[in-house]
Amino acid sequence: MIAGGAEVQALSAGAMQPGLIAVAPEFRSQSGHRLKVTYAIASELRRRVGGGEVADVLLAPVAVIAELAQGGRVAADGQLALGRVGAGVVARNSAPLPDVAGAEALKRSLLEAESVVYNRASSGVYIETMLKKIGVYEEIRARLIRYDDGVAVMHHLMQGKGREFGFGGITDILMYRDQGLRLVGPLPEEIQNYTAYAAALITASPRPDAARALLQFLASPPGKGLFSINGIR
């Protein structure tokens, strides 16, 4: 361990939270650096880093990283592919479980649901597109409930009742598996959507050496393993 290590400040998409929670103590043990993470949806990360906010590392969808690299806000070299996260179906442990065996089965479950919950972030934009694709959006529109982020979706479901379920990133859902919610399953493969994530050094970083140490740890077998077991593959 390096005595008197720095505090690495990361800005991250919420989908990376389970992996980063697992990474933080191991990274500190190996490097001596502490990890402080602020989570936000992709559009907010784009706005904050694009506006020159000072931090060290950005973990975001690949498209956001690429856009900010073009503008010089994150380093174009040394970027790290973190993995991808699929969408899943989440319900209370006590609720009737929807059938996710295939697109038609999910469609029937959606038509039978009292309410369906998802977010307004990039994953939620896809969910809305998917609902239209399978032909149920207009029929269930009045029963759709949307929140700004995945955390609010999970909290709503934890306090919900009746025949209700929701959608979210699989990593978001796994964060609440001990709090009365369960991952019913991933979206059926024929309508599944994966979001790829990457990490990059923020060019305005006041701690570039410590920031690079975090990127190196995330690229190492222990770092990759911690992300993998938390749904980021």
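Heads up: these notes are all about the structure in this document.

About the cut-offs
Residues numbered from 1 in each chain as written. Predicted model: local features only at pLDDT ≥ 70, side-chain atom pairs only at ≥ 80, totals over all residues. Heavy atoms only, no water. Axes fitted to C-alpha atoms, helices over the stretch in contact; angles between N-to-C directions. Helix = DSSP H or I, 4+ residues; strand = E, 2+ residues; numbered from the N terminus. Parallel < 35°, antiparallel > 145°, perpendicular 65-115°, else oblique. Contact = heavy atoms within 4.5 Å. Nonpolar A, V, L, I, M, F, W, Y, C, P; charged D, E, K, R; others polar. Salt bridge = Lys/Arg side-chain N within 4 Å of Asp/Glu carboxyl O. Buried < 20%, exposed > 50% of the residue type's maximum accessible area, 1.4 Å probe, protein only. Phe/Tyr/Trp six-rings, centres within 6.5 Å; stacked < 30°, edge-to-face > 60°. Lys NZ or Arg CZ within 6 Å of the ring centre and 35° of its normal. Polar contact = N/O pair within 3.5 Å; in protein donor to acceptor, adjacent residues only side chain to side chain. Arc of directions from axis to C-beta. Pairing = 2+ DSSP bridges. Right-handed = clockwise from strand over helix to strand, strands pointing away. Core = buried A, V, L, I, M, F, W, Y, C linked by side-chain atoms within 4.5 Å.

**A short note on the packing of helix H9 (residues 208-219) against helix H10 (residues 221-228)**
Across the interface, H9 lies against H10 with an axial gap of 4 Å and an inter-helix angle of 70°. As judged from the angle between their axes, H9 and H10 are roughly perpendicular. Packed against H9, whose contacting residues are Phe217, Leu218 and Ala219, the element H10 presents Pro221, Pro222, Gly223, Lys224, Leu226 and Phe227 at the interface. When its residues are assigned to classes, the contact of H9 with H10 shows seven nonpolar, one polar and one charged.

**Observations regarding the pattern of salt bridges**
Evaluation of the coordinates by the stated rule reveals nine salt bridges. Of the charged contacts in the structure, one is a salt bridge between Arg47 and Glu44, with a shortest N-O distance of 2.7 Å. Linking Arg47 with Glu44, this pair stays in helix H2 (residues 42-50), spanning three residues, or about one helical turn. You can call Arg47 exposed: its relative accessible area is 53%. Salt-bridge contacts for Asp209 lead to Arg212; the nearest nitrogen and oxygen are separated by 3.7 Å. With Asp209 and Arg212 both in helix H9, this residue pair falls three residues apart, about one helical turn. Judged by relative accessible area, which is 63%, Asp209 ranks as exposed.

**Here's the deal with the packing of aromatic side chains**
This structure, assessed with the given rule, holds two aromatic pairs. Ring plane angle 50° and centroid distance 6.0 Å describe the contact between Phe27 and Phe217, whose orientation is recorded as tilted. Here Phe27, found in helix H1 (residues 17-31), pairs with Phe217, found in helix H9; they are 190 residues apart in sequence, far enough to count as distant. Pairing Phe165 with Phe167 gives two aromatic rings, centres 5.9 Å apart and planes at 70°, and the pair type is edge-to-face. A single burial state applies to Phe165 and to Phe167, both of which are buried. One residue, Arg84, lies across the ring of Tyr194, its end atom 3.7 Å from the ring centre. In this structure, Lys132 packs its charged tip against the face of Tyr137, placed 4.9 Å from the ring centre.

**Overview of the side chain of Ser220**
Position of Ser220 relative to the elements: it lies in the loop between H9 and H10. Of the polar contacts made by the side chain of Ser220, one reaches the backbone oxygen of Phe217; its length is 2.6 Å.

**What about helix H3 (residues 62-70)?**
Looking at H3, one finds that the buried residues are Val64, Ile65, Leu68 and Ala69. Axial view of H3: buried residues confined to an arc of 130°, hence all on one face. Of the residues in H3, the exposed ones pointing more than 90 degrees away from the buried face are Ala63 and Gln70. One or two steps after H3, the chain reaches Gly72, where phi turns positive at roughly 80°.

**Some details on the pairing of strand E1 (residues 7-12)**
As defined by bridge partners, E1 adjoins strand E2 (residues 34-39) across six bridges and the pair is classed as parallel. Each bridged residue has a counterpart across the sheet, and for Val8 the counterpart in E2 is Leu35. Taken together, E1, H1 and E2 form a β-α-β motif whose crossover is right-handed. Summarising the sheet, E1 and strand E3 (residues 57-61) pair through three bridges and their orientation is parallel. Its bridge partner lying in E3, Ser12 is registered against Leu59.

**What about the nonpolar core?**
Ranked by internal contacts, the top residues of the largest apolar core, which has 44 residues, are Met16, Val57, Leu58, Leu59, Val74, Leu82 and Phe227. It is H9 that provides the largest number of residues to this core, a total of six residues. Setting aside residues up to four positions removed in sequence, Phe227 forms contacts with Met16, Gly19, Leu20, Val23, Leu59, Leu82, Leu218 and Ile232. Formed by 23 residues, the second largest nonpolar core is a distinct cluster that contains Ala113, Met130, Tyr137 and Leu144.

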